[in-house]
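# Structural description and commentary
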Amino acid sequence: MTRKPHKTRDTKVTSEFEHGWNDMLKGIKKLKKILDGLPEPQFSPEDHINLYTTVYNLCTQKAPNDNSEQFYKKYKEEIETYVSRTLLPLIRGKYDEFMLIELVKRWKNHKVMVRWMSRFFQYLDRFYIARRALPPLYEVGMTCFREQLYQKLHNTVNDILVGLVAQDRDGEQIDRTLLKNVMDILVEIGMGITDYVNEFETYMLKDTATYYSRKASDWILKYSCPDYMLKAEECLKRERERVCHYLPGISEPKLVETVETELLVVHANQLLEKEQSGCLALLRDEKVDDLSRICSLYHKIPQGLELVSSIFKQHVTDEGLALVNQAIEIANNQVGKECGAHEQVLVRKIIELHDKHMVYLCNCFMNLSPFRKSFKEAFEIIYNKNVADRSSAELLATFCDNILKKGGSEKLSDEAIEDTLEKVVKLLAYVDGKDLFAEFYRKKLAHRLLCDKSASDEHERSMLTKMKQLCGGQFTSKMEGMVTDLTLAREDSAQFKRYLSILPIGIDFTVNVLNTAYWPTYRTSDLNLPAEMVRCVEAFKEYYQDKSRKRRLNWIHSLGNCNIIGNFDPKPIELVMSTYQGAVLLLFNNSDKLSYSDIKSQSNLGNDDLVRVLFTLSCAKYQILNKEPSTKMISPTDSFEFNPKFTDRMRRIVIRLPAHQERKKVVEDVDKDRRYIIDASIVRIMKSRKILSHQQLNAQIVELLRQLFKPDFKLIKKRIEDLINREYLERDRENPNMFRYLA
């Protein structure tokens, strides 16, 4: 076996390398003098080519005489020596701001030096470094500066930088351009932003936290909440300006977060709850600008608005409950009376309160979600409080009735009525028992329509449209049906009048034929009508049977009214009264005097209705009948006779019949309907889900019905038990808390 001879480096080649390197050192020395500002001619193209050629010739020889590796090492050694022995002592010899000035100067020179040397040794970059996957020459130069110089000075540099930033914060004049240049060095030295973050940013943020923590502790004792917020706002503005002037943009979010934490988050409770100047005081004093500033500062902080929104909620709730409690106190002194003016005033004041704080919500608090939630919860608390025995649903329905009926106490223009109705619907959104409101509203709407007391059909339809948009079509379907039904009834009434013009009966008689599917249920009685009224009824029956043979008429005399001419001795007077009153009064055309029992037997009215009728005719404002004995109470032993001497300054008077107290019945009807609705909801949910736990079923029922009313959990439990007894559901044998649907 033959052995290959070992290749050794030629002595001649070594001599050539040393000669070539000496030539390179001369070029590098010239470069250093130029950078130091010493008198030295600039590099000519020929100088550059000669140096490049020297490297090229010595690096293109065949192995083992290739000098590429030696030149790469010499390049690195030369830069390390220059940085550690020349630059480092020069920079270390300076202090404070002058050290930074020297650092910036030497960094600029170093970049120039590395750039020129990279050109001299460019052949290494193009071939040797590329083949060996070594760091490029420029990167080697930057690394040398970082490792041999900056890492030995970075603590001192950081202290100087942080000190200058602190001086800037205190309002002292500093060289911002110098800081910007040093920050650029930190980024460039690390070949990116990572070293800046690790070397300086963390250190700066820590000092920032300490600085503003100290400031906050001092300011919170000196200044009011608005003045403190002005200081905080100014500080945040200045920090953002510093980022623009000399800090990298990547620092802005962290810097702002640090300042916000120290100035706003740490002292939030103490600051916002200040007795004389906190959020509550600002809301009370209507300081809109200060509230806007607080919101703008805190809304960028995670969970920063929770405390502000909770204070807002408490303030709104307290103001609203004060109004409600005032109304309750007045109502307790008027027990047994109808919904009074004070309760109408309460609704109006709550609308004004809503408008006032809606301005805060939209203008000060930018309609942000935490404040919308607090606003909604506050008004749900306020507007679901009962006033005496009257629910908010009844009060709101009565308020609407007062606006929409003729002669209501609210004298408003058309535009004002529309605006008020819009606000009423906004309040309706907070009412838990919307179904109860719907029933009260339907009753009052029916009264306005049937008694021709509605001020404007346009406003009635507008209100229904608004409620439909809020609660859905099913909510207003019956009310819309009532309006449409009455329109059709008026057309029928016009046709009947044309019929009477052909077959006159001597009395002006009008009938409204209504569909029972839309209208509320009314009390009926078998009233014995006088002969004059019987003739009118028979005429309409004959007309209507020819038109609709398949429909059955059910007369509701309790809703009727009539006009009767009373021939009194002083003068005749037109009496406007209900059908019940008219039927009783017409009995005295045939008898001068009648006892209570006679009137009851002839009219066939019940005791309750008869007492109400006789009281209005004999004991109230207009005494059409004389009563014996002359007391203010109606009893079965009383007797009555026509009063021929009755007179009044008016030729036409209205004798109103007091309405039945239907509030209790409305509430009972709604409670009954709610049981059916809950039953249907349970069956619908269970039919879909098949098996659910008690808690899950409760949650889904509440979610399904929350737009209509807030179901009581005790009632839900009773309805579940009832459905189990009726075999719609069953309990799971292994887990009694689970329910199964039975098909």
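Structure report, in brief. (Residues numbered from 1 in each chain as written. Predicted model: local features only at pLDDT ≥ 70, side-chain atom pairs only at ≥ 80, totals over all residues. Heavy atoms only, no water.)

## Re the packing of aromatic side chains
How two aromatic rings sit relative to each other is set out by the distance from centre to centre and by the angle between their planes. Scanning the model with the defined rule gives 27 aromatic pairs in all. Centre to centre, the rings of Trp116 and Phe120 are 6.1 Å apart; their planes meet at 50 degrees, and the pair counts as tilted. You can see Trp116 and its partner Phe120 sitting in helix α4 (residues 97-120), four residues apart, about one turn around the helix. Note on Trp116: relative accessible area 24%, which makes it partly exposed. Judged by relative accessible area, Phe120 falls into the buried class, the value being 0%. Ring plane angle 65 degrees and centroid distance 6.0 Å describe the contact between Phe312 and Phe371, whose orientation is recorded as edge-to-face. Pair noted here: Phe312 is in helix α14 (residues 306-332) and Phe371 is in helix α16 (residues 369-382), with a separation of 59 residues, a long-range link. Judged by relative accessible area, Phe312 falls into the buried class, the value being 1%. Residue classification places Phe371 among the buried residues on the basis of a relative accessible area of 0%. The residue whose ring lies beneath Arg169 is Tyr211, and the NZ or CZ to ring-centre distance is 5.7 Å. Stacked on the ring of Tyr522, the Lys or Arg Lys443 has its end atom at 5.6 Å from the ring centre. (Phe/Tyr/Trp six-rings, centres within 6.5 Å; stacked < 30°, edge-to-face > 60°. Helix = DSSP H or I, 4+ residues; strand = E, 2+ residues; numbered from the N terminus. Buried < 20%, exposed > 50% of the residue type's maximum accessible area, 1.4 Å probe, protein only. Lys NZ or Arg CZ within 6 Å of the ring centre and 35° of its normal.)

## Topic: the packing of helix α15 (residues 341-364) against α16
Closest axis-to-axis distance for the α15/α16 pair is 11 Å, and the angle between their directions is 170 degrees. When the axis of α15 is compared with that of α16, the two are roughly antiparallel. Seen from α15, the contacting residues are Ile350, Leu353, His354, His357, Met358 and Leu361; seen from α16, they are Phe371, Arg372, Phe375, Phe379 and Ile382. The residue inventory of the contact of α15 with α16, partitioned by class, reads eight nonpolar, two polar and one charged. (Axes fitted to C-alpha atoms, helices over the stretch in contact; angles between N-to-C directions. Parallel < 35°, antiparallel > 145°, perpendicular 65-115°, else oblique. Contact = heavy atoms within 4.5 Å. Nonpolar A, V, L, I, M, F, W, Y, C, P; charged D, E, K, R; others polar.)

## What about the nonpolar core?
Core analysis: the largest hydrophobic core is formed by 93 residues, its most contacted members being Leu263, Leu272, Tyr298, Phe365, Phe437, Tyr441 and Met467. Excluding its chain neighbours within four sequence positions, the residues that come into contact with Leu272 are Cys225, Met229, Gly278, Cys279, Ile294, Tyr298, Leu307, Val308 and Ile311. Among the nonpolar cores identified, the runner-up in size contains 66 residues, and Ile34, Leu87, Leu100 and Ile129 belong to it. (Core = buried A, V, L, I, M, F, W, Y, C linked by side-chain atoms within 4.5 Å.)

## Description of the sheet that holds strand β3 (residues 593-595)
Spatially, β3-β5-β4 is the arrangement adopted by the three strands of the open sheet, whose pairing is antiparallel. The two strands at the open ends of the sheet, each matched to only one other strand, are β3 and β4 (625-628). Mean inter-strand twist for the sheet, computed between neighbouring axes without regard to direction, equals 25 degrees. Examined bridge by bridge, β3 and strand β5 (residues 639-642) share three bridges and lie antiparallel to one another. Residue Leu594 lies in a different strand from β5, and its bridge partner there is Phe640. (Pairing = 2+ DSSP bridges.)

## Notes on helix α28 (residues 713-725)
Relative to the 18 Å expected for 13 residues at 1.5 Å per residue, α28 spans 19 Å between its end C-alpha atoms, a close match to the ideal helical length. The inward-facing, buried residues of α28 abut α26 (663-689), α27 (694-705), β8 (729-731) and β9 (738-741). In the segment just after α28, Glu727 is the residue with positive phi, at about 65 degrees. (Expected span 1.5 Å × (residues − 1).)

## With respect to the sheet that holds β9
The strand order β7-β9-β8 describes an open sheet built from three strands, whose pairing is antiparallel. If you trace the sheet from one side to the other, it starts and ends with β7 (691-693) and β8, each paired once. Averaged over all pairs of adjacent strands, the angle between strand axes in this sheet comes to 30 degrees, irrespective of strand direction. As paired elements, β8 and β9 share three bridges and run antiparallel to each other. The residue of β9 that forms the bridge with Glu730 is Arg740.

## Notes on the pairing of β9
Burial along β9 is one-sided: the face carrying Phe739 and Tyr741 is buried and the face carrying Met738 and Arg740 is not. Two elements, β7 and β9, share three bridges in a ladder whose sense is antiparallel. Among the inter-strand pairings, Ile691 is bridged to a residue of β9, identified as Arg740. The antiparallel hairpin formed by β8 and β9 contains six residues in its connecting segment.

## Regarding the pattern of salt bridges
This structure, assessed with the given rule, holds 45 salt bridges. Among the ionic pairs, Asp457 bridges to Arg490, the shortest N-O distance being 3.8 Å. Taken together, the residues Asp457 in helix α20 (residues 457-471) and Arg490 in helix α21 (residues 473-502) connect sequence positions 33 residues apart. Judged by relative accessible area, Asp457 falls into the partly exposed class, the value being 43%. Classification of Arg490 as partly exposed rests on a relative accessible area of 38%. A salt bridge links Lys665 to Asp669, with the nearest nitrogen and oxygen atoms 3.0 Å apart. Here Lys665 and its partner Asp669 are both found in helix α26, four residues apart, which amounts to about one turn of the helix. On the basis of relative accessible area, Lys665 is assigned to the partly exposed category, the value being 39%. (Salt bridge = Lys/Arg side-chain N within 4 Å of Asp/Glu carboxyl O.)

## Description of helix α2 (residues 45-59)
An α-helical segment advances 3.6 residues per turn. Residues three or four places apart therefore align on the same side. An ideal rise of 1.5 Å per residue puts 21 Å on 15 residues; α2 measures up with 21 Å between its terminal C-alpha atoms. Looking only at α2, the buried set comprises Leu51, Tyr52, Thr54, Val55, Leu58 and Cys59. The buried residues of α2 all sit within an arc of 145 degrees when viewed along its axis, so they share a single face. Pointing more than 90 degrees away from the buried face of α2 are the exposed residues Pro45 and Glu46. (Arc of directions from axis to C-beta.)

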